[in-house]
Amino acid sequence: MKRFLLFLSALLPLLAAAQQEMEIIPLRHRPPDQVLPVLRPLLEPGAVLSGMNNQLILRASPRNRDEIKRALAALDTPLRSLRIHVTQNRDAVVRSSGADVYGTVGSGGVRIVQPPSGAVAGGGRVEIRHNGNVVGGQVVDSRSARTAGTTQTVQVVEGGRAFINVGQSLPLPLRQVVVGSGGAVVTDSVVYRDIGQGFYAEPRLAGETVTLEISPQFDTPGHAGYGSVNTQRLSTTVSGRLGEWIELGGSGQQAAGRERGNLSVGTAEVRDDRSVWLKVEEVR
């Protein structure tokens, strides 16, 4: 009896393979590489499934072929059109405060002079004058803020790839020194670097959930010197619901300093915050 069961278990795959027939199934909306990973786990032992030229080639029993075609009907649906919004922001704040004492005090031909540090917007000054002597004090409190941001939108079908970039060419100085038998030759020239704001994205859908591989960039001209550039880069994979804003990431920098002189004291604080947000919605 045990030998008979072993023989029967070995015979069943052969019987199933004998019933398997080949069928070519055309695809209406999806390429083969999008449906094959989902369908292959449904194959019976000995069955074969491949794809090429927008069609599937299936060799299986009639029952397994019907199962595969029912699953394919739920997968081979029209591609959904998506609109991707990416917002990149930069907020920079510089604040300085301080106080100093200045004046001219003396008698006869001897006088002590302490000049003021200079007038600054946001400060106040008080002076006392008596018999040619001047004593004053000033308090400085200034704050400057700079905000830069960009919002870009691109439309793409699910599973497709999208890229958008808008910017400018920034001139950069280039100095080359070549040393030869006749000495050093210095050549100054200008090269151009492309800077801009944009992103690369590849969205995939599962119901109302979207998963994206995205790489945004945000470049702006700098203020540290001729040709300097402020750059912002991010590369990540995120997932969220359609129509909702998703925070991709951000960065923050903060620095503070203090200066002290003979009759003055001052502080300075710099804060630089950056953030990147994303939203994907279906175009109906």
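Heads up: the structure comes first, above all this text.
Residue positions are given per chain, counting from 1 as you read along its sequence in written order. Since the coordinates come from a predicted model, pLDDT governs what is reported: local features require at least 70, and pairs of side-chain atoms require 80 or more to be given and counted, while whole-chain, interface and lining totals use all residues. Heavy atoms throughout the structure, all of them, feed into the side-chain values; hydrogens and water do not.

A. Representation of the side chain of arginine 80 within the structure. Tracing the backbone through its elements, the reader meets arginine 80 in the loop between helix H3 (62-75) and strand S4 (81-107). Only 2.9 Å separates the side chain of arginine 80 from the side chain of glutamate 282, close enough to count as a polar contact. Aside from chain neighbours lying at most four places away, what touches arginine 80 is Val156, Val157, Glu158, Leu205, Gly207, Glu208, Leu242 and Glu282. The way it works is that DSSP assigns letters per residue, a run of H or I at least four long becomes a helix, a run of E at least two long becomes a strand, and they are numbered from the N terminus. As used in this structure description, the phrase polar contact means that two N or O atoms lie within 3.5 Å; if the pair is within protein, one of them must be able to donate a hydrogen and the other to accept it, and residues adjacent in sequence are counted only when both atoms belong to side chains. The contact criterion used is simple: two residues touch if any of their non-hydrogen atoms lie within 4.5 Å.

B. Examining the environment of serine 81 more closely. Examined against the element boundaries, serine 81 turns out to sit in strand S4. Burial status follows relative accessibility: with a 1.4 Å probe on protein chains alone, a residue under 20% of its type maximum counts as buried, one over 50% as exposed, and anything between as partly exposed. Overall, the relative accessible area of 19% leaves serine 81 in the buried class. Separated by 201 residues in the primary sequence, serine 81 and glutamate 282 place their C-alpha atoms 6.0 Å from one another. If near-sequence neighbours (up to four positions away) are discounted, serine 81 is found in contact with Gln155, Val156, Val157, Glu281, Glu282 and Val283.

C. Inspection of helix H2 (residues 32-39) at higher detail. If you check which residues of H2 are buried, you get Pro32, Val35, Leu36 and Leu39. Projection of H2 onto a plane perpendicular to its axis shows the buried side chains occupying an angular sector of 110 degrees, all on one side. For H2, exposure combined with an orientation more than 90 degrees from the buried face picks out Asp33 and Pro37. Residues of H2 that are buried in the fold lie against strand S2 (48-52), strand S3 (55-60) and H3. Here the arc refers to the directions that run from the helix axis out to each C-beta atom.

D. A look at the sheet that holds S2. At least two DSSP bridges between two strands are needed for those strands to be called paired. Ordered in space as S1-S3-S2, the 3 strands form an open sheet in which the pairing is antiparallel. Looking at which strands have only one partner, the edges of the open sheet turn out to be strand S1 (21-26) and S2. Sheet twist, expressed as the average angle between the axes of neighbouring strands with direction ignored, equals 20 degrees. Two elements, S1 and S3, share 6 bridges in a ladder whose sense is antiparallel. Bridge assignment links isoleucine 25 to a residue of S3, and that residue is leucine 56. Think of each axis as a best-fit line through the C-alpha atoms, taken over the contacting stretch in the case of a helix, with angles from 0 to 180 degrees between the N-to-C directions.

The values reported here are purely geometric and, on their own, carry no functional implication.
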